[in-house]
Amino acid sequence: MVTLKELHSFSVGEGIKEDPREKKKIEKLLEKRKENFEDMKDPKKEHYDKDRLENPFDDSKVIYGEDSEVEKMAVGIDIETQDLILIDRLNEKGEDIDAAFGHHPEGRALANLHKVMGLQIDTLEQAGIPVSQAEGIVRPRADEVKKGVHASNHPRTPRTAELLDIPFMTLHTICDNHAYQFMKDHLEKEDPETLGNVVDAILKIPEYEWSLDYDMGPEIFTGDKDNRAGKIEVLGFTGGTSLKEDLIEKMVESGIDTLIVMHAPKKQIEKAKEENINIISAGHMPSDSLGINLLLDKIHEEFGVEIVELSGFKRIER
Ligand SMILES: [Fe+2]
Ligand SMILES: [Fe+2]
């Protein structure tokens, strides 16, 4: 039998394996946190989230009930108050769900979403954007995200889980790292010529084929389906959330033609249109489902946990 805490630390390890950063860089980050923690003063030290000393993914946390044993787990893209009530309702009907696993961060994991964004400097650098330029677009955006999430009602969902006594974790960048590496490899292998071919290549992945049932499949946001795709980069899959429109300028300067994202802000799409950069949105729910599925396959192999799918998540086993 496995506890939620064990599932979480297993997932952290798998997230590190799929991370675009070098392992040494992650170790250094954790070391620096330990040093800072030593120097910290109360009340901040007392309330510090000690999971941060072992786990580099600040948006991927056990929210409640880490010592509970898990045999059957509800998995969803967004697990919030309404979804926890649904789980409680299902348990009343005899489902016997032991825990909930959401993808989008809640509680402390959402409050610290901006802290994972630094890894986008590495994905941008690997795509050929100079590191100075990558720093220049990621840092201010992370600061904006920090201020944006600061006002949210962070205790709400954790308290619901506590009141209903449903052990709960949210794993965000850990899953997105899996989706990122998979999509990158897949498109390299498929080597599509046109934007239309990119969409067809993405549709070969079952999560995306499923997404057609809800008309939320891959879409060309800018560019024509007959356009040559040129140099394709998956830059909107992992590292917290989307970058802004200044990414488009850096793509032009660095010779990247086509951007693959899970979702794109309106201004980024407008800028891409202006600069003749192609944006293809693979689709949000299928992309998040893909990342979760790749992790769940490993969890299944290691611990054999049973899954109940809800809240936009589609389970596909590989
Ligand atoms: Fe995601
Ligand atoms: Fe997402």
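No experiment lies behind these values; they were computed from the predicted model shown. (Residues numbered from 1 in each chain as written. Chains lettered and ligands numbered in written order. Predicted model: local features only at pLDDT ≥ 70, side-chain atom pairs only at ≥ 80, totals over all residues. Heavy atoms only, no water.)

*Asks:* Give a description of the overall build of the chain that names residues and reports values.
*Replies:* Scanning the chain for helices and strands turns up 14 helices and 11 strands. Rg of the C-alpha trace for the chain: 20 Å, near the compact-globule value of 20 Å for 318 residues, within the 12% margin. Expressed as lengths along the three principal axes of its C-alpha atoms, the size of the chain is roughly 55 × 50 × 35 Å. For the chain, buried positions account for 52% of its 318 residues. (Helix = DSSP H or I, 4+ residues; strand = E, 2+ residues; numbered from the N terminus. Rg over C-alpha atoms; globule rule 2.2 N^0.38 Å. Buried < 20%, exposed > 50% of the residue type's maximum accessible area, 1.4 Å probe, protein only.)

*Asks:* Give me helix H12 (residues 246-254): which residues, what numbers.
*Replies:* The α-helix advances 3.6 residues per turn, and as a result positions three or four apart in sequence lie on the same side. When H12 is considered as a whole, its buried residues turn out to be Leu247, Ile248, Lys250 and Met251. In a view along the axis of H12, the buried residues occupy a sector of 165°, so they form one face of it. The elements touched by buried residues of H12 are helix H6 (119-126), helix H7 (131-150), strand S8 (232-236), strand S9 (258-261), helix H13 (266-275) and strand S10 (278-281). Looking one or two places after H12, you find Gly255, whose phi comes out positive at around 75°. (Arc of directions from axis to C-beta. Contact = heavy atoms within 4.5 Å.)

*Asks:* So, the pairing of S10: which residues are in play, and what are the values?
*Replies:* Burial of S10 is two-sided: the residues Asn278 and Ile280 facing one way and the residues Ile279 and Ser281 facing the other way are all buried. As judged from the three bridges shared by strand S7 (residues 219-222) and S10, these two strands associate in the antiparallel manner. Looking across to S10, one finds that Ile220 is bridged to Ile280. Read from S9 through H13 to S10, the crossover connection turns out right-handed. (Pairing = 2+ DSSP bridges. Right-handed = clockwise from strand over helix to strand, strands pointing away.)

*Asks:* I'd like a rundown of the sheet that holds S8, residues and numbers included.
*Replies:* The four strands lie next to each other as S7-S10-S9-S8, forming an open sheet whose pairing is mixed. Every interior strand has two partners, whereas the edge strands, S7 and S8, have only one. Here the strands of the sheet are splayed against their neighbours by 30° on average, with no regard to which way each runs. Strand direction decides the pairing type here: S8 and S9, joined by four bridges, are parallel. Directly across from Val234, in S9, lies its bridge partner Ile260. Its contacts with the sheet put helix H10 (residues 195-203) on S7, S8, S9 and S10, and the angle it makes with S10 is roughly 20°. (Axes fitted to C-alpha atoms, helices over the stretch in contact; angles between N-to-C directions.)

*Asks:* Report on the coordination of the iron ion (ligand 2), specifying residues and quantitative values.
*Replies:* Distances from the iron ion (ligand 2) to its protein donors, namely His104 (NE2), His284 (NE2) and Asp288 (OD), fall within the range 2.1 Å. Each donor residue of the iron ion (ligand 2) lies on the same chain, and together they follow the pattern H-x179-H-x3-D. Overall, the relative accessible area of 24% leaves His284 in the partly exposed class. On the basis of relative accessibility, which here comes to 1%, the residue Asp288 falls in the buried class. (Donors = N, O, S within 2.8 Å, 3.2 Å for Na, K, Ca; no water.)

*Asks:* Which residues make up the coordination of the iron ion (ligand 1), and what are the values?
*Replies:* Bound to the iron ion (ligand 1) on the protein side are His103 (NE2), Asp176 (OD), Asp176 (OD) and Asp288 (OD), at distances that span 2.0 to 2.6 Å. One chain supplies every donor to the iron ion (ligand 1), and in sequence these donors are spaced H-x72-D-x111-D. A separation of 3.2 Å is found between the iron ion (ligand 1) and the iron ion (ligand 2), which are bridged by Asp288. Taken as a pair, Asp176 in helix H9 (residues 173-190) and Asp288 in helix H14 (residues 284-303) lie far apart in primary sequence, 112 residues in all. Asp176 sits in the buried class, given a relative accessible area of 4%.

*Asks:* Got a sec to walk through the pattern of salt bridges? Specific residues and values, please.
*Replies:* In total, this model carries 28 salt bridges according to the counting rule given. Asp58 serves as the salt-bridge partner of Arg33, at 2.6 Å between the closest nitrogen and oxygen. One end of the pair, Arg33, is in helix H2 (residues 23-39); the other, Asp58, is in the loop between helix H3 (44-47) and strand S2 (61-64), with 25 residues separating them in the sequence. Across this residue pair, the class does not change: Arg33 and Asp58 are buried. (Salt bridge = Lys/Arg side-chain N within 4 Å of Asp/Glu carboxyl O.)

*Asks:* Help me get a handle on unusual backbone geometry, residues and values and all.
*Replies:* Of note, the bond from Asp42 into Pro43 is cis; its omega dihedral lies within 30 degrees of zero at 5°. When you line up the elements, Pro43 lands in the loop between H2 and H3. The phi torsion at Asp165 lies on the positive side, around 55°, for a residue other than glycine. The residue Asp165 is located in the loop between helix H8 (156-164) and strand S6 (168-170) in this model. One non-glycine residue, Asp215, lies in positive phi territory at about 50°. Looking at the secondary structure, you find Asp215 in the loop between helix H11 (206-211) and S7.

*Asks:* Mind laying out the packing of H9 against H14, listing which residues take part and the relevant values?
*Replies:* One can describe the packing of H9 onto H14 by two numbers: an axis separation of 7 Å at closest approach and a directional angle of 100°. In terms of orientation, H9 and H14 fall into the roughly perpendicular class. Residue-level contacts link Ile174, Cys175, Asp176, His178, Ala179 and Phe182 of H9 to Ser287, Asp288, Leu290, Gly291, Ile292, Leu294, Leu295 and Lys298 of H14. Residues belonging to the contact of H9 with H14 are distributed by class as follows: eight nonpolar, three polar and three charged. (Parallel < 35°, antiparallel > 145°, perpendicular 65-115°, else oblique. Nonpolar A, V, L, I, M, F, W, Y, C, P; charged D, E, K, R; others polar.)

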